[in-house]
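As a plain string of letters, each chain reads:
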Amino acid sequence: MSVIRLKLFICILPLLIASATAQPSHPRPPATAVPPDDGSWAMPAKNFASTRYSAMDEINVGNVKNLQVAFTFSTGVNKGHEAAPLVVGGTMYIVSPYPNILYALDLTQPGAPLKWKYEPKPEPAAQGVACCDVVNRGAAYSNGRVFFNTLDGNAIAVDATDGKEVWRVKLGDINRGETITMAPLVVKDKVLVGNSGGEYGVRGWIIALDTGSGKQIWKAYSTGPDSEVLIGSEFKPYYDSDKGKDLGVSTWPPNAWEQGGGTVWGWISYDPDLNLIYYGTANPGPWNHEQRPGDNKWTAGVFARDADTGQARWFYQFTPHDVHDWDGINELVLLDMEWKGQQRKVIARPERNAYLYLLDRETGEVLSAETFAYTNSSFGVDLKTGRLRTNPEKEPKLNRTIRDICPTAPGAKDWNPSAYSERTGLLYIPHNNLCMDVQTMEANYIAGTPYVGAEVKMKPGPGGNRGEFSAWDVQGAQKRWSIKENFPVWSGALATAGNLVFYGTMEGWFKALNAETGELLWRFKTSSGIIGQPITYKGPDGHQYVAVLSGIGGWSGAIVSGDLDPRDGTAALGFVNAMADLKEATTKGGALYVFRLP
Amino acid sequence: MSFGCHSLVGLLVLLAASSGAAGRDLRVCSDPNNLPFSNEKLEGFENKIVGMIARELNATIEYTWWASRRGFVRNTLNAGLCDLIPGTVSGMDMARTTVPYYRSTYVFVTRPDATPVSSFEDPVLRTLRIGVHLIGDDGFNVPPAHALSRRGITNNVRGFSIYGDYRESDPPARLIKAVANQQIDVAIAWGPLAGYFAALESPPLRLDKVMPARDEGFPMTFPISMAVARGNEVFRREIESALSGHRAEIDAILAEYHVPRVDSFSQIARPIR
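Conventions adopted
- Residues numbered from 1 in each chain as written.
- Chains lettered and ligands numbered in written order.
- Predicted model: local features only at pLDDT ≥ 70, side-chain atom pairs only at ≥ 80, totals over all residues.
- Heavy atoms only, no water.
- Contact = heavy atoms within 4.5 Å.
- Buried area = accessible area lost by both parts, 1.4 Å probe.
- Salt bridge = Lys/Arg side-chain N within 4 Å of Asp/Glu carboxyl O.
- Polar contact = N/O pair within 3.5 Å; in protein donor to acceptor, adjacent residues only side chain to side chain.
- Helix = DSSP H or I, 4+ residues; strand = E, 2+ residues; numbered from the N terminus.
- Buried < 20%, exposed > 50% of the residue type's maximum accessible area, 1.4 Å probe, protein only.
- Pairing = 2+ DSSP bridges.
- Axes fitted to C-alpha atoms, helices over the stretch in contact; angles between N-to-C directions.
- Phe/Tyr/Trp six-rings, centres within 6.5 Å; stacked < 30°, edge-to-face > 60°.
- Lys NZ or Arg CZ within 6 Å of the ring centre and 35° of its normal.
- Disulfide = S-S within 2.5 Å.

Caption draft 1: Structural view of the interface of chain A and chain B. At the junction of the two partners, chain A supplies 44 residues and chain B supplies 53 residues. Across the chain A/chain B interface, buried area totals approximately 4400 Å², and carbon plus sulfur atoms make up 59% of it. Across the chain A-chain B interface, the total number found is two salt bridges. Residue Asp165 of chain B pairs with Arg176 of chain A through a salt bridge whose shortest N-O separation is 3.3 Å. The interface formed by chain A and chain B includes nine residue pairs in polar contact (both at pLDDT 80 or more). Contributions of two or more residues to the side of chain A that touches chain B are made by β28 (434–446) and β29 (449–460) of chain A. A total of seven residues in the side of chain A that touches chain B trace back to one element, the largest contributor, which is β29 of chain A.

Rendered as structure tokens:
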């Protein structure tokens, strides 16, 4: 017996080694979007392919257990910290939630002292307009300048050396409910910015500004006539439902598109070879779904646009006629891979509706859409039409109690970005496991007008855990492993060549896992819940560091950062019900944590 | 239309009540730009009623001005900035509300020369240009909007954001003005707003209360209360006592602002058609 087993083992072992080293079939990001790793971190997603993967491996599975704090820094702000720190040339840049202070820390000095800070002093009124918390998702560095946005709708360029303002342009108007929370992306000589505020009847847009002057180069709306959506002769959507003139008008009741939502508050990726940018549009609003019959183009989908002109190339709608508040703004990870015998340029997209989409990024065709989280509100995606097959029984209906709608309004996964390791071929997805009951209506009152709204109560999904951190095999289109978390996982993910993956929890744990197996190798309890995006960089001393912002808040954490009453289960749009115990698990307060090996 | 410079939040104004030397403060959170309810110049009917309460309590009024938007109660009353919100819907979940001090209804607002509308069943609603307020809170809107969409009336309905453009005076009033300037044929609006701005037009616009008064579970009439923080029971009773002790005065104020009434609190409720 034992002899036979031994023989088998010997036969298999070389195969295992070969597959572990050669990695013949892992999808890889396009080389032009992912330059050789110089140890800097100049944009929230690390690179244009949005992999959030670092080739550094000084910190690895063998030594990560020794990781220790190098230095910390208090941002002095108590709201939700969703941003990624940036590191370029011996300086770290962090942007705080409102009041959106930009700090520069000198990494060449012991303890990384403050080099300068830039205070944009946004209008206080913006706090009252932001839907869920006064967050900011980070800055972008390019060519000696740091670009970021303020809650009150300004895009700002700051000199990276001395913190002096280079230009500042007002793009949104808080008097109309328009805010900006997203991190910009710099593509060549343009900085790309989009708006927030769909709750207030804002019409979504993305704008390209000249990096030198802040002047507008192009602007594309998410609703309305083709001329304003920048749909022209180059527009070649894959599916018939996206073909036709002025669908941004005709898929709405008359004029409803003027306040139709489709804001652009999430992530942008860029393929330099195709010269296309990719970004998602948020949900339609503010009419309830019965009042806006139609597909409500071009909300809750993804646009591919020419980076220079803004002209749309294709569009795909994840959730036509959204009834769940599923903003289609999540990250878009660009990969090249073999698919059914052919080499394809794809986008991997973990979407709110619980499907992991593989889209052909040249054409917008859906190659596959498999569930990465529990859903009962749809039955899959029809690959012929690209259309989501929805479950009418789980549509929120007015004046009717509907139980166990899964996923909930923040979706199976919200804005917080996943990371892709070309070493493991796995996409690491921080996500939710939440369901909700929409119950009897309750009286409400705003601006002197009474109305009734749904009493939305979120609760843990199957299994009882509210969050999950999943490793998704992109080539095999299936989940490899996943870690259950008590609270929703609202932080970003980071993957490294040290075969590690990092993320944070809402209790404040910052964790390092074995990227192959999911084994927990190290963790550190920070001072507040983590909803930020971890990064890694090479310090001026040549060593690898890992950094993350701690500071609870955001939609899910507003119960703590916004001092919401846990008895009021419907506050923060029903999220508080699912998060009543978060107040016992953490307290508010923004701080940077940076780690290194001894 | 006048274009004032309004601050959305956070402007604190201290005012001495007319009663003079007072031993206590009456801390009130109100919208600085939302007639007929309230404004910074104290021209709203809620301002007048608060003044009356302050005299009764021998208190000095301290206003915290905050735009009435999502998070208003959380950011004002429940953040401890004030003790009283002078107008909200009775039974509202986030605070403790007093007994109602008036009840109003949604109304159809038409030009006086037009054929009046009084029922959601009126076939003319399929062709008229209709305006309603948009709230968009988790896909919920004002009850008349749901009454229309339930009947398949969506293509001729125009939404006016309840928030409007806050640089303008009283942003929700745009809906009523749209009837006067013929952008729409009929507005379906909450009574107090409709009554006040309809009366300002020349000739005044016509109001008809909507029927049915409850449509598939959606109420069209609502009782209105003041709100205090949960647990502030002594103060709530003081406010209720002041309200009930000045019933006639409150009725006169509401009548002066043309608030359509559908309650039995008052014998002098302004009749509406």
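Having seen the model, we can carry on.
Caption draft 2: Focus on the pattern of salt bridges. Evaluated as defined, the whole model comprises 47 salt bridges over all chains. Among the salt bridges present, the one from Asp295 of chain A reaches Lys297 of chain A, with a minimum N-O distance of 3.6 Å. Exposure class is identical for Asp295 of chain A and Lys297 of chain A. Each is buried. When salt bridges that share partners are traced, they join Asp173 and Arg176 of chain A together with Asp165 and Arg167 of chain B into one network.

Caption draft 3: Main features of the sheet that holds strand β26 (residues 419–421) of chain A. Residues and elements named next belong to chain A. The strand order across the open sheet formed by four strands is β26-β27-β30-β31, and the pairing between neighbours is antiparallel. Whereas interior strands pair on both sides, the edge strands pair on one side only; in this sheet they are β26 and β31 (478–485). Across this sheet, the average inter-strand angle for adjacent strands is 20°, counted without regard to direction. Pairing geometry for β26 and strand β27 (residues 426–432), over three bridges, is antiparallel. Within the sheet, the bridge partner assigned to Tyr420 lies in β27 and is Leu427.

Caption draft 4: Unusual backbone geometry, seen in detail. Here the bond from Gly285 of chain A into Pro286 of chain A is cis, since omega is -15°, no more than 30 degrees from zero. Looking at the element boundaries, Pro286 of chain A is found in the loop between β16 (276–280) and β17 (301–306). The step from Cys406 of chain A to Pro407 of chain A runs through a cis peptide bond, and the omega angle for that step is -10°. For Pro407 of chain A, the location among the structural elements is in the loop between β25 (402–405) and β26. Look at Asp170 of chain B: it is not a glycine, yet its phi comes out positive at around 45°. Tracing the sequence through the fold places Asp170 of chain B in the loop between β10 (157–161) and α4 (174–180). Residues other than glycine seldom take positive phi values, yet Glu216 of chain B does so here, at roughly 50°. By the secondary structure assignment, Glu216 of chain B is in the loop between β13 (214–215) and β14 (218–219). Taking relative accessible area as the criterion, Glu216 of chain B reaches 51% and is therefore assigned exposed.

Caption draft 5: Fine view of the packing of aromatic side chains. For the structure on display, the rule yields 43 aromatic pairs over all chains. Ring plane angle 65° and centroid distance 5.7 Å describe the contact between Phe45 of chain B and Tyr257 of chain B, whose orientation is recorded as edge-to-face. Note that Phe45 of chain B is positioned in helix α1 (residues 45–57) and Tyr257 of chain B in the segment after α7 (247–256), a separation of 212 residues in sequence. Between Arg52 of chain A and the ring centre of Trp267 of chain A, over which it is positioned, the NZ or CZ distance is 4.6 Å. For the cation-ring pair, Arg305 of chain A lies above Phe303 of chain A, with the distance from its terminal atom to the ring centre recorded as 4.2 Å.

Caption draft 6: Representation of the state of the cysteines within the structure. Per the counting criterion, the structure on display carries two disulfides over all chains. Between the sulfur atoms of Cys406 of chain A and its disulfide partner Cys435 of chain A the distance amounts to 2.1 Å. Here Cys406 of chain A and Cys435 of chain A share a disulfide; its torsion about the S-S bond, 110°, makes the bridge right-handed. You can see Cys406 of chain A sitting in the loop between β25 and β26 and its partner Cys435 of chain A sitting in strand β28, a full 29 residues away along the chain. The side chain of Cys29 of chain B participates in a disulfide bridge whose partner is Cys82 of chain B; the two sulfur atoms lie 2.1 Å from each other. Of note, the bridge from Cys29 of chain B to Cys82 of chain B carries an S-S torsion of about -115° and is left-handed in sense. Taken together, the residues Cys29 of chain B in strand β2 (residues 24–30) and Cys82 of chain B in the loop between α2 (72–75) and β6 (85–89) connect sequence positions 53 residues apart.

Read these as geometric descriptors, not functional statements.
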